[in-house]
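Here's the letter readout for the chains.
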Protein chains: 2
Amino acid sequence: MMDDRILLGHGSGGRLSHQLLDELIIPLLSSGDSRSQNDAALLGEISGKLVYTTDAFVVDPIFFPGGTIGSLSVHGTVNDLAMMGAKPLWLSVSLILEEGFSKQELTTILHDMRSAADKAGVTIATGDTKVVPRGKADKIFITTSGIGVLEHTIAIHGGNAQPGDLVLINGTIGDHGIAVMAGREGLALDTEILSDSAALNSLTEQLVASLGTDLHVLRDPTRGGVATTLKEIAVQSQVAITLQEQALPIRPGVRGVCSILGLDPLFVANEGKLLAFVAPESARKALEIMQQHPLGNQAAIIGHVETTPGGRVRMETSIGGIRAVEMLAGEQLPRIC
Amino acid sequence: MMDDRILLGHGSGGRLSHQLLDELIIPLLSSGDSRSQNDAALLGEISGKLVYTTDAFVVDPIFFPGGTIGSLSVHGTVNDLAMMGAKPLWLSVSLILEEGFSKQELTTILHDMRSAADKAGVTIATGDTKVVPRGKADKIFITTSGIGVLEHTIAIHGGNAQPGDLVLINGTIGDHGIAVMAGREGLALDTEILSDSAALNSLTEQLVASLGTDLHVLRDPTRGGVATTLKEIAVQSQVAITLQEQALPIRPGVRGVCSILGLDPLFVANEGKLLAFVAPESARKALEIMQQHPLGNQAAIIGHVETTPGGRVRMETSIGGIRAVEMLAGEQLPRIC
């Protein structure tokens, strides 16, 4: 039935656009009582420095074990704000829909966005919807942007890793990438691997509050995985990072799929993980905070920071060797987020 | 040559992504000296209420007479902030690129974005780039979001049209839609019609400063055109709006193309026009401000507001009749912005 599908006219700005907004998008996404029908949203006044980010989400498939493009598009942007030590406040949502896309699938995705936003404590403040002809996009692309506020003066950024720091992660690596790939390829796995997609802001708020200036870097290892993210930090801070392979938390299922397909879990994307660089005297406290948080029960200390050689990441392997860790060179898993 | 084209790996988050960012995107878009390499941008503190908006741009063709998807994506978001009476400050830019897209075309588009942002006085603060396989998107889609600040307490919104108000527009209607269509269809027109795509914030700032509380509504008639926008305002404010057809500024070339193709210029998109609802005692002043502005030399008073029938728009036609004006019903020109 035509009524079940997105039409080009739903992107016209005219009557069909208003219907789609009034009947589906606004009721599902908006926290307010009614649609403002203005070109932009009026937010409150805030005190503190603003933090601002954006991400496009083009994940394939749009429904995968443990999440959807909807929940992912909220988590990703909330996490980018959280990694700056900011409190995420507002999101914008821009939808690009392919003509013929299922309204029912759209409904599920919007519901997931709202649910993820509510859980993370952020408000979806403004949005836009465009429709392109069949074959000119792949079902749905979502771009979110986010505004947060920095309510403290602690410097938390990729250039702040310091010799002596310990490197922590809040749990297993590679879950998101392998879950998406399993969803895409229809791999028959013994145990289902779920994406770790989650909003990390409640965990980062606890870390900031408890560790203060002993918390030096927060970063979520998404595209490019833990390896690429650590390499970025090593270069930005001009320090050497050494990983202990044996300390890396990896689910057996993820390890198995990676070994079958020749993938290195260090390069596989995560969407609910953070790397924290913490002064050694606070590392134990950081680990405990993570382990007591619902998103951190498999947290671990996985490495440490030294002065030289600056810009380098190495891994002490489980068989006692040392190997260099570089950035992801090509495209390991396209459309992972 | 492969080097001239976007590869899937440019969206990996790994080495190729960093190259694209460092060699092309950051130097062209960023106002700062270097790339911050963090997940989000740290903005300054601001005083005043924040205004927030987003729009996706999927215009086809991406290069059209008078503009590109790049300049359009900046103008559209700047204008959405300006129509709230806000001062636009920061933009985010999210790119979805099709594998195989030309790096040279991308360079032109990024250059246009930066040039439009500089001219409008806004900073591109943060961004993201994704790449999807060939055939899964159409060359390039751009989503911008924008943050502005409200530096006054004048209520300017679609629900504030008041009986007695005069309705002004800053120039000719339909130019953008017809320019894009001409670019798409390769129409051989006697005179080239250029898109009116432009940033309206310097004009709105002058109107706000000079008219104060006599300025009731500002709205840019983009998708759906002047007709749809006026209908929205009539419904939001529960007032009746009457247009004078003879007063509508329309270029002869636009009128000609519309009559050949059976289009009504009232429904054709504009990207550098605003509708202003102004108390009658200030309408003359508003018209003069517009006419003295580079984007308003063909400004005109095109209608007025009455109490009843609420929610209705009518037009006094040039042959002396009256006709109802409704929202755009279907999709007149897909992918106009």
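Participant: I would appreciate a short explanation of the relation of the copies chain A and chain B in the present structure.
Facilitator: The pair of chain copies shares a relation made of a rotation about an axis and a shift along it. Taken as rigid bodies, chain A and chain B are interconverted by a rotation of 180° and an axial shift of 0.0 Å, the fit giving an RMSD of 0.0 Å. In symmetry terms, the pair is related by a two-fold rotation axis. Across chain A, the rotation axis passes nearest the C-alpha of A:A137, at a separation of 2.1 Å. Most of the interface of chain A is mirrored in chain B: 100% of its interface residues are interface residues there too.

Participant: Is there a simple way to explain the sheet that holds strand β5 (residues 87-98) of chain A in this structure?
Facilitator: The pairing of strands in a sheet comes from backbone hydrogen bonds and takes either a parallel or an antiparallel form. The sheet built from five strands is open, its strands ordered β6(A)-β5(A)-β7(A)-β2(A)-β1(B) with mixed pairing. If you trace the sheet from one side to the other, it starts and ends with β6 (123-132) of chain A together with β1 (41-42) of chain B, each paired once. Here strand β2 (residues 49-57) of chain A pairs with strand β7 (residues 140-150) of chain A via nine bridges, running antiparallel. The residue of β7(A) that forms the bridge with A:K49 is A:L150. Along the sheet, helix α2 (residues 69-82) of chain A makes contact with β2, β5 and β7 of chain A, crossing β2(A) at roughly 150°.

Participant: So what exactly am I meant to see when it comes to the side chain of B:T77 here?
Facilitator: Residue and element names in this part refer to chain B. Topologically, T77 is positioned in helix α2 (residues 69-82). Residue T77 is classed as buried on the basis of its relative accessible area, which comes to 0%. Non-local contacts of T77, meaning those with residues more than four positions away in its chain, are made with T53, D55, F57, L91, T144, S145 and G146.

Participant: What am I meant to see in the interface of chain A and chain B here?
Facilitator: How large an interface is tends to be reported as the accessible area lost when its parts come together. Counting residues at the interface gives 76 residues for chain A, matched by 76 residues for chain B. Summed over both partners, the interface of chain A with chain B comes to about 6200 Å²; 58% of that surface belongs to carbon and sulfur atoms. Among the residues chain A hides against chain B, the three largest losses belong to A:D39, A:Y52 and A:R223. Together they make up 13% of the total. At the junction of chain A and chain B, the tally comes to four salt bridges. With a shortest N-O distance of 3.8 Å, A:D55 and B:K130 are connected by a salt bridge. Applying the counting rule to chain A against chain B returns 31 residue pairs in polar contact (both at pLDDT 80 or more). For the side of chain A that touches chain B, the secondary-structure elements that each account for two or more residues are α1 (15-29), β1 (41-42), β2, α2, β5, β6, β7 and α6 (225-237) of chain A. Its residues assigned to classes, the side of chain A that touches chain B comprises 32 nonpolar, 28 polar and 16 charged. Sheet topology places β1(A) next to strand β2 (residues 49-57) of chain B; two bridges connect them, and they run antiparallel. Its bridge partner being in β2(B), A:L42 is matched across the sheet by B:V51.

Conventions we followed
Residues numbered from 1 in each chain as written. Chains lettered and ligands numbered in written order. Predicted model: local features only at pLDDT ≥ 70, side-chain atom pairs only at ≥ 80, totals over all residues. Heavy atoms only, no water. Least-squares fit on C-alpha atoms with pLDDT ≥ 70 in both. Contact = heavy atoms within 4.5 Å. Pairing = 2+ DSSP bridges. Helix = DSSP H or I, 4+ residues; strand = E, 2+ residues; numbered from the N terminus. Axes fitted to C-alpha atoms, helices over the stretch in contact; angles between N-to-C directions. Buried < 20%, exposed > 50% of the residue type's maximum accessible area, 1.4 Å probe, protein only. Buried area = accessible area lost by both parts, 1.4 Å probe. Salt bridge = Lys/Arg side-chain N within 4 Å of Asp/Glu carboxyl O. Polar contact = N/O pair within 3.5 Å; in protein donor to acceptor, adjacent residues only side chain to side chain. Nonpolar A, V, L, I, M, F, W, Y, C, P; charged D, E, K, R; others polar.

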